[in-house]
Structures are given as C-alpha cells and as structure tokens.
Amino acid sequence: CLGLGTDFTICQEPRKIVFPEAGVKVVDIQYGKRHLVALTSDGKVYTWGDNTGGQLGLGDMQTRFEPAVVEGGLANSTVVQVLAVDSMSYALTNQGVVYAWGDNKDGSLGLEHDTAKVLRPEPVMRMQETQVKKLLVKECGGSGGKGKTIIACVGAAAPPAF
C-alpha cells in the first residue's frame, strides 16, 4: 500500500506519490491496519491500500495501489479531519458531521445498522444533532485485550488528556 502503483512493492528510496488531480496538497495522512487515508487542503479525502473490509470507501472491496478520491457521502462536504483505525475509516466535516465506513463487525462504526462491511461513507446518525469539533482515538483494552475507542469532542470543553 505504498501508493506508488503496482510496479513498486518495495521501495528503498523516497518517491513522490502521484495523486489523480494536479496540485493536490496533502495536510494529513492516517494509516490503518493496511490502508491509508489522506486529507487535502481543500477538504477532499483520498484512500489506498487493502480494501477487504470496504475501508477505502470507494463502493467496492478492490485493493488500490494508488490514491483514489473518496466521494459517496463526502462528495458535497469539506472534510477537516480523517482517522484510520484498523479496517475502519472516519471523516469529520466542517459542519461537525462524522462519517464512517469499512469494517462494521458488531456495529463497531456506530452506524444505525449492522451491515458487516460499509463500502461508502455514511453519517453517524447517533450524533446527528451534535456538532463534533474533533475526533480522538484512545487505546484501550480490558483483560489483556487490545482495542481502540473513537472519542468525539463537542462544545468548548478541552479534549481529555491521555
């Protein structure tokens, strides 16, 4: 999932990742289990890598070796933050709406359904009436297990220190 196409599976020296649109300025990159999510300065989201859980948000489960723009529910939104957690992806818009997609085993995306694999970004309806300011990931795990929790920060309160 280097983002360099199918010609490069191992790369010893840094190479520029080419995006489908000219002049793309990446402001953040998040990595999940085996996929990447990039946020651009104009609020667009690009993904690439493994897609067996739909975590790329492109409407299918085909692995991508180069960045592809995520549209779906995000097409008319300006995204200000992205997260990639395991085989799940999240986006926060400038309107405070959280979108989620990817592996939804046991309803882990927080959507209003239990479809196992969500192939396009969907709004997290439970927070529909709440304007989210920032998303955080907290490592957790009881009984020796590993896990992660997504925390949505709202209002003027400062995010908790971990």
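Structure: see above.
Not measured: the values here are computed from a predicted model. (Residues numbered from 1 in each chain as written. Predicted model: local features only at pLDDT ≥ 70, side-chain atom pairs only at ≥ 80, totals over all residues. Heavy atoms only, no water.)

1. Details of the overall build of the protein
Part 1 of the argument: The helix and strand inventory of the protein stands at zero helices and 10 strands.
Part 2 of the argument: The helix and strand sequence of the protein, counted from the amino end, reads β-β-β-β-β-β-β-β-β-β.
Part 3 of the argument: In the protein, 39% of the contacts between residues at least 6 apart in sequence involve partners at least 24 apart.
Part 4 of the argument: In the structure as shown, the protein presents an accessible area of about 9500 Å², 49% of it carried by carbon and sulfur atoms. (Helix = DSSP H or I, 4+ residues; strand = E, 2+ residues; numbered from the N terminus. Contact = heavy atoms within 4.5 Å. Areas by Shrake-Rupley, 256 points an atom, 1.4 Å probe, with all protein chains shown as cover.)

2. A look at the nonpolar core
Part 1 of the argument: Formed by 27 residues in total, the largest nonpolar core has its most connected members in Val-45, Leu-74 and Tyr-90.
Part 2 of the argument: Elements with a contribution of two residues or more to this core: β2 (35-40), β4 (64-70), β5 (79-85), β6 (88-93), β7 (98-103) and β9 (132-140).
Part 3 of the argument: Element by element, the count of residues in this core is highest for β5, at five residues.
Part 4 of the argument: Residues in contact with Val-45, not counting those within four places in the same chain, are Val-37, Ala-38, Leu-39, Ala-68, Val-69, Val-70, Leu-74, Val-79 and Val-82.
Part 5 of the argument: Within the second largest apolar cluster, five residues are counted, among which are Phe-19, Leu-36, Ala-38 and Trp-48. (Core = buried A, V, L, I, M, F, W, Y, C linked by side-chain atoms within 4.5 Å. Buried < 20%, exposed > 50% of the residue type's maximum accessible area, 1.4 Å probe, protein only.)

3. Some details on the sheet that holds strand β1 (residues 26-31)
Part 1 of the argument: Ordered in space as β1-β2-β3-β4, the four strands form an open sheet in which the pairing is antiparallel. The open sheet is flanked by β1 and β4, the only strands paired with a single partner. Geometrically, the sheet is characterised by an average inter-axis angle of 20 degrees between neighbouring strands, direction not taken into account.
Part 2 of the argument: Sheet analysis places strand β3 (residues 45-49) next to β4, joined by four bridges and oriented antiparallel. Bridge assignment links Val-45 to a residue of β4, and that residue is Val-70. (Pairing = 2+ DSSP bridges. Axes fitted to C-alpha atoms, helices over the stretch in contact; angles between N-to-C directions.)

4. Re the pattern of salt bridges
Part 1 of the argument: Counting across every chain of the model gives three salt bridges.
Part 2 of the argument: Across the salt bridge formed by Glu-21 and Lys-44, the nearest N and O atoms sit 3.2 Å from each other. Remark: Lys-44 occurs in the loop between β2 and β3 and Glu-21 occurs in the segment before β1; sequence separation between them is 23 residues.
Part 3 of the argument: For Glu-21, a relative accessible area of 34% translates into the label partly exposed.
Part 4 of the argument: For Lys-44, a relative accessible area of 32% gives the class partly exposed.
Part 5 of the argument: The partner of Asp-50 in a salt bridge is Arg-34, with the nearest N and O atoms 3.4 Å apart. Remark: Arg-34 occurs in the loop between β1 and β2 and Asp-50 occurs in the loop between β3 and β4; sequence separation between them is 16 residues.
Part 6 of the argument: The exposure class assigned to Arg-34 is partly exposed, which follows from its relative accessible area of 48%. (Salt bridge = Lys/Arg side-chain N within 4 Å of Asp/Glu carboxyl O.)

5. Concerning the side chain of Thr-93
Part 1 of the argument: Within the secondary structure, Thr-93 sits in strand β6.
Part 2 of the argument: Overall, the relative accessible area of 4% leaves Thr-93 in the buried class.
Part 3 of the argument: Residue contacts for Thr-93: discarding those within four places in its chain leaves Ser-77, Thr-78, Val-79, Val-80 and Tyr-99.

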